[in-house]
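Spelled out, the chains give:
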Amino acid sequence: MKNFFLLLLLSTTFVFSQEASKWSLYGGISSMNTNLEENTTNLLGTNLGFGYRFADKLTVGMGFSQRGFTGVHGYEDDYCYWDENDDRKCFNIEDDTEKDEGRVNDRPLFDDGENEWHGEQEISTRYEGIELWMAYTLFDNDNFSLWTGPVYSVIYDLTEEVKADDFTESFSEEIEEFDYGLMIGATFPIKNKLGMNIGYYHSIDEMEFNNVFIELNLFL
C-alpha cells in the first residue's frame, strides 16, 4: 500500500502543477479477460480518470481501473489462484483431503454451509487499481484520432465471487501487485467537447490481462 500512496501523491502533484485548460475527464466500461487461464469468459469492469495534454501529440493521465475474468469450474477441474507470495496454488474441488492453504481452511467458497457440494461454480475474479498511462497520437484529423502508449498500474484489491445453483459467496482482500502493458485506441468526436474512446489494452507481464474498453471523454 505504501507504493500505491506514493504513486498517487506523485501523480497528483504532477497533474495539478499544469494548466487546467488541457485537461480531459473520461469514464466507461471494459470487457476484461486473461490469457493465463483456460476456458475463461469476459467480465465487465469500469474505468474512470483524467488526462492532461502537455505536448501536441503526447497526453498523460491517471485513473481507477479494473482487471479480471470469469471462469467455470467443475469437480473435475483444479481451482488455481495466486497467493500472497506470488506462488500459484491449485487444488481439486472434489477431493476432501486437500486444503486451500492460502486461505487456511477447507475451501469454504464451494460449500453452501450445509455440506452440499455443487457440480459447477462460476468464479469471477476482479482486481482494482490505480493506473498511470501515456498516449502518443499517431494520426489525427476531424473525424478521429489514433493513439497508443504504455500503462502502469498499482493493484490494491482482489475480489472473487462464486456462484453455484442457489448460492453466491464472495471474499476480498487487500493486495499489492503491479500490472503493466500497452494500449491502442481511437477517439471519435461526438459533439462540442465530448468524444468517445474505443481501445484495447494487453498486459506484457505474467498476468496477461486483456481489456477492450469504451469510454466517454470530456475535454475541459
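Residues numbered from 1 in each chain as written. Predicted model: local features only at pLDDT ≥ 70, side-chain atom pairs only at ≥ 80, totals over all residues. Heavy atoms only, no water.

Details of the overall build of the protein
Operational definition: Think of it this way: any DSSP run of H or I at least four residues long counts as a helix, any run of E at least two long counts as a strand, and we number them from the N terminus. For every residue, the accessible area (1.4 Å probe, protein chains only) is compared with the maximum for its type, and the residue is labelled buried under 20%, exposed over 50%, or partly exposed between those bounds. Every residue pair with non-hydrogen atoms within 4.5 Å of one another is taken to be in contact. Note on areas: Shrake-Rupley, 1.4 Å probe, and residue coverage restricted to the protein chains presented here.
From N to C terminus, the protein includes one helix and 11 strands. In the protein, the order of α-helices and β-strands from amino to carboxyl end is α-β-β-β-β-β-β-β-β-β-β-β. Taking all 220 residues of the protein together, 42% fall into the buried category. Sequence-distant contacts in the protein: of pairs separated by 6 or more residues, those separated by 24 or more amount to 58%. Put simply, the protein shows about 12,300 Å² of open surface, and 55% of that area lies on carbon and sulfur atoms.

Points about the packing of aromatic side chains
Filter applied, for reference: The aromatic pairing rule takes the rings of Phe, Tyr and Trp, using the six-membered ring of Trp, and pairs them if the centres are within 6.5 Å, calling planes under 30 degrees apart stacked, those over 60 edge-to-face and the rest tilted.
Taken as a whole, this structure holds seven aromatic pairs when the rule is applied. Note on tryptophan 23 and phenylalanine 50: the rings are 6.3 Å apart at their centroids and 20 degrees apart in plane angle, and the pair reads as stacked. Of this pair, tryptophan 23 sits in strand 1 (residues 23-34) while phenylalanine 50 sits in strand 3 (residues 43-53); the two residues are 27 residues apart in sequence, bridging distant segments of the chain. Tryptophan 23 gets classed as buried once you look at its relative accessible area, which sits at 17%.

A short note on the nonpolar core
Put simply, the rule is: To qualify as a nonpolar core, a set must consist of buried Ala, Val, Leu, Ile, Met, Phe, Trp, Tyr and Cys residues joined through side-chain atoms within 4.5 Å.
Counting residues in each nonpolar core, the largest one holds eight residues, listed as Tyr26, Trp133, Ala135, Trp147, Val151, Met183, Tyr201 and Phe213. If we ignore the near neighbours within four places in the chain, the residues touching tryptophan 133 are Tyr26, Phe50, Gly51, Thr59, Val60, Gly61, Met62, Pro150, Val151 and Met183. One finds Tyr127, Ile155, Met207 and Phe209 within the second-largest nonpolar core, a separate group that totals six residues.

Side note on the side chain of serine 124
Here serine 124 shows up in strand 7 (residues 120-140). Given the relative accessible area of 12%, serine 124 is considered buried. Residues within four places of serine 124 in sequence aside, it is in contact with Leu43, Phe69, Thr70, Thr159, Glu160 and Glu161.

So, the confidence of the model for the protein
Note the threshold: Each residue gets a pLDDT score, which is the predictor's confidence in that residue and runs from 0 to 100.
Of all residues in the protein, 68% attain a pLDDT of 70 or more, and the chain-wide mean is 79. Every residue in residues 1-20 scores below 50 in pLDDT, and together they form 22 contacts with partners more than four places removed in sequence or on other chains. Scored below 50 in pLDDT, residues 96-118 shows 54 contacts in the model against residues more than four places distant or in partner chains.

Things to note about the environment of valine 72
Its place among the elements puts valine 72 in strand 4 (residues 58-74). Note: C-alpha distance between valine 72 and threonine 41 (31 residues apart in sequence) is 8.6 Å.

Here we look at the side chain of threonine 40
Heads up, the rule is: N or O atoms closer than or at 3.5 Å make up a polar contact, with two conditions inside protein: a donor-capable atom paired with an acceptor-capable one, and, for residues adjacent in sequence, both atoms drawn from side chains.
With respect to the helices and strands, threonine 40 occurs in strand 2 (residues 40-41). At 2.6 Å, the side chain of threonine 40 forms a polar contact with the side chain of asparagine 33. Apart from the residues within four sequence positions on either side, threonine 40 is in contact with Asn33, Thr34, Phe69 and Thr70.

Some words on unusual backbone geometry
The backbone of asparagine 192 shows a phi angle near 55 degrees, a positive value even though the residue is not glycine. Locating asparagine 192 in the fold gives a position in the loop between strand 9 (167-191) and strand 10 (194-203). Here glutamate 208, not a glycine, exhibits a phi torsion of approximately 55 degrees, which is positive. Within the fold, glutamate 208 resides in the loop between strand 10 and strand 11 (209-219). Residue classification places glutamate 208 among the partly exposed positions, given a relative accessible area of 30%.

Considering the pattern of salt bridges
The cut-off we apply is this: A carboxyl oxygen of Asp or Glu within 4 Å of a side-chain nitrogen of Lys or Arg is what we treat as a salt bridge.
Counting across every chain of the model gives three salt bridges. Between arginine 67 and aspartate 179 there is a salt bridge whose closest N-O contact spans 2.8 Å. Within this pair, whereas arginine 67 is found in strand 4, its partner aspartate 179 is found in strand 9, the two being separated by 112 residues in sequence. This pair shows no difference in class: arginine 67 is buried, exactly as aspartate 179 is. Salt bridges sharing partners connect three or more residues here, namely Arg67, Glu131 and Asp179.

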